[in-house]
Amino acid sequence: MFARRLAVQHQIEVDPESDEAGPVNIQRMVRRMRVLSGFLHAVGVAQWGRRNMLAVRREENTLRLRGLPAPFRGRRLLHLSDLHADIDVGIIPAVVRAIGDWEYDAVVLTGDYRAHTRHEWDTALALCRTLANALRPEVPKFATLGNHDVLEMVPGLEALGWRILLNEAAPWKLDGAELWIGGVDDEHTYGTADVARVRAAIPADACALLLSHTPSTYAAAAAAGFAGMLSGHTHGGQMCLPGGFALLNNAHAPRFVLTGSWQYQGMTGYTSRGAGACRVPARFFCPPEVTRHTLEAP
């Protein structure tokens, strides 16, 4: 897995034509977003789009997990995704304001901490440090990488107190019970998600929740027996028609898993619209979000 990921990372770094490579070619078009950015400025809506991007909403969701141990019922997960922190210095302060005085018992992050896919990541890590300092220090924090993140970022992210799960799993322990949190590596660009390996690392009778940057792993997660899955990546479309209809689908997955709460073969899922923006610092009819999941049994 690491060898494949490093090879693709190198290809992206040295060959601009491979940037955002993956099964969905929409992202290759998104590379040319400078043209769109210029258009937004020309028609006078760029600042409107930026204001939308910084108006981060709180979303509440009930996540029903079969086999959820009793001590976890009613506990709350803070879910952050797609920060793309270095696309605009206003994003992290907006996220911190949105979280505010929310109570939560653990934090999960589903990838894309930086905005670009090549070159430096120190700026994104510094901005993420500001976020980390605002999170409750005593609660566990589990995270995955996204398609904009590189393996070299892992030490810096883990220095923030975030457990980065690279096709791994770890237990969240509470009052003698365990809820297992699994995390797969990015499937969209790198093709290195190994759902079966993650599930094999978890006790067979345990309640397990999967973190996957892209929702495209939904079928594999359900087949492996995960009770739930949390994702991001899609931004909910980011620039949508009125009513929130996404014009583009940047995930190799059906529309029903692209945003919000969903169900598949007994597995409960949620795909965040994300807290930041990709390529262009603007959103239309698709507000960014931070999400609090209240855990319950079915």
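The structure contained in this document is the topic of the report that follows. (Residues numbered from 1 in each chain as written. Predicted model: local features only at pLDDT ≥ 70, side-chain atom pairs only at ≥ 80, totals over all residues. Heavy atoms only, no water.)

1. Regarding the pairing of strand β9 (residues 228-231)
Where a strand is regular, its side chains alternate between the two sheet faces. Judged by which residues are buried, β9 turns out to be covered on both faces: Gly228 and Leu230 on one side and Met229 and Ser231 on the other are all buried. Two strands pair when backbone bridges link them, and strand β8 (residues 208-211) and β9 are joined in this way by three bridges, in the parallel orientation. In the sheet register, Leu209 faces β9, and the bridge partner there is Gly228. Taken together, β8, helix α9 (residues 218-224) and β9 form a β-α-β motif whose crossover is right-handed. Examined bridge by bridge, β9 and strand β13 (residues 267-271) share four bridges and lie parallel to one another. Within β13, the residue paired with Leu230 across the bridge is Tyr270. (Buried < 20%, exposed > 50% of the residue type's maximum accessible area, 1.4 Å probe, protein only. Helix = DSSP H or I, 4+ residues; strand = E, 2+ residues; numbered from the N terminus. Pairing = 2+ DSSP bridges. Right-handed = clockwise from strand over helix to strand, strands pointing away.)

2. Details of the sheet that holds β8
Overall, mixed pairing links the six strands, which are arranged β6-β7-β8-β9-β13-β12 in an open sheet. With one partner strand each, in any of the chains shown, β6 (168-174) and β12 (260-264) form the two edges of the open sheet. In this sheet, adjacent strand axes meet at a mean angle of 20° when their direction is disregarded. (Axes fitted to C-alpha atoms, helices over the stretch in contact; angles between N-to-C directions.)

3. Observations concerning the nonpolar core
Of all hydrophobic cores here, the largest spans 44 residues; its most connected members are Leu80, Val95, Tyr113 and Trp162. Looking at this core, the elements with two or more residues in it are α1 (2-14), α4 (46-54), β2 (76-80), α5 (91-99), β3 (106-110), α6 (122-134) and α7 (154-158). When residues of this core are assigned to their parent elements, the largest contribution, six residues, is made by α5. (Core = buried A, V, L, I, M, F, W, Y, C linked by side-chain atoms within 4.5 Å.)

4. Focus: the packing of aromatic side chains
Counting across every chain of the model gives nine aromatic pairs. Here the aromatic cluster, defined as three or more aromatic residues joined through ring pairs, consists of Tyr218, Phe256, Trp262 and Tyr264. When the ring centre of Tyr190 is taken as reference, the NZ or CZ atom of Arg5 above it lies at 3.9 Å. Against the face of Tyr104 rests Arg136, its NZ or CZ located 5.7 Å from the ring centre. (Phe/Tyr/Trp six-rings, centres within 6.5 Å; stacked < 30°, edge-to-face > 60°. Lys NZ or Arg CZ within 6 Å of the ring centre and 35° of its normal.)

5. Here we look at the sheet that holds β3
Hydrogen bonding along the main chain pairs the strands of a sheet, whether they run parallel or antiparallel. Taken in spatial order, the six strands of this open sheet run β1-β14-β2-β3-β4-β5, and their pairing is mixed. Both edges of this open sheet fall to β1 (57-64) and β5 (163-164), since each of them pairs with a single strand only. With four bridges connecting them, β2 and β3 associate as parallel partners. Of the residues in β3, the one forming a bridge with His79 is Val108.

6. Description of a nonpolar patch on the surface
On the surface, Leu241, Phe245, Leu247 and Leu248 cluster together into a nonpolar patch covering about 350 Å² of accessible area. Judged by relative accessible area, Leu248 falls into the partly exposed class, the value being 34%. (Patch = residues over 30% accessible without salt bridge, like charges linked within 9 Å, V, L, I, M, F, W, Y side chains within 5 Å. Areas by Shrake-Rupley, 256 points an atom, 1.4 Å probe, with all protein chains shown as cover. Salt bridge = Lys/Arg side-chain N within 4 Å of Asp/Glu carboxyl O.)

7. Focus on the side chain of Asp88
Relative to the helices and strands, Asp88 resides in the loop between β2 and α5. At 2.7 Å, the side chain of Asp88 forms a polar contact with the backbone nitrogen of Gly90. In this structure, Asp88 is in contact with Arg50, Met53, Leu54 and Pro281, ignoring residues within four places of it in sequence. (Polar contact = N/O pair within 3.5 Å; in protein donor to acceptor, adjacent residues only side chain to side chain. Contact = heavy atoms within 4.5 Å.)

8. What about unusual backbone geometry?
With a phi angle near 50°, Asp175 is a residue other than glycine that sits in the positive phi range. In this fold, Asp175 is placed in the loop between β6 and β7 (177-183). Notably, Phe285 is not glycine yet its phi reads approximately 55°, a positive angle. Mapped onto the fold, Phe285 is located in the loop between β13 and β14 (289-296). Using a relative accessible area of 40% as the deciding quantity, one classes Phe285 as partly exposed.

9. Quick look at the side chain of Asp86
Following the sequence through the fold, Asp86 ends up in the loop between β2 and α5. Looking at Asp86, its side chain comes within polar contact range of the main-chain nitrogen of Ala115, at 2.6 Å. Residue contacts for Asp86: discarding those within four places in its chain leaves Tyr113, Arg114, Ala115, His116, Thr123, Ala124 and Leu127.

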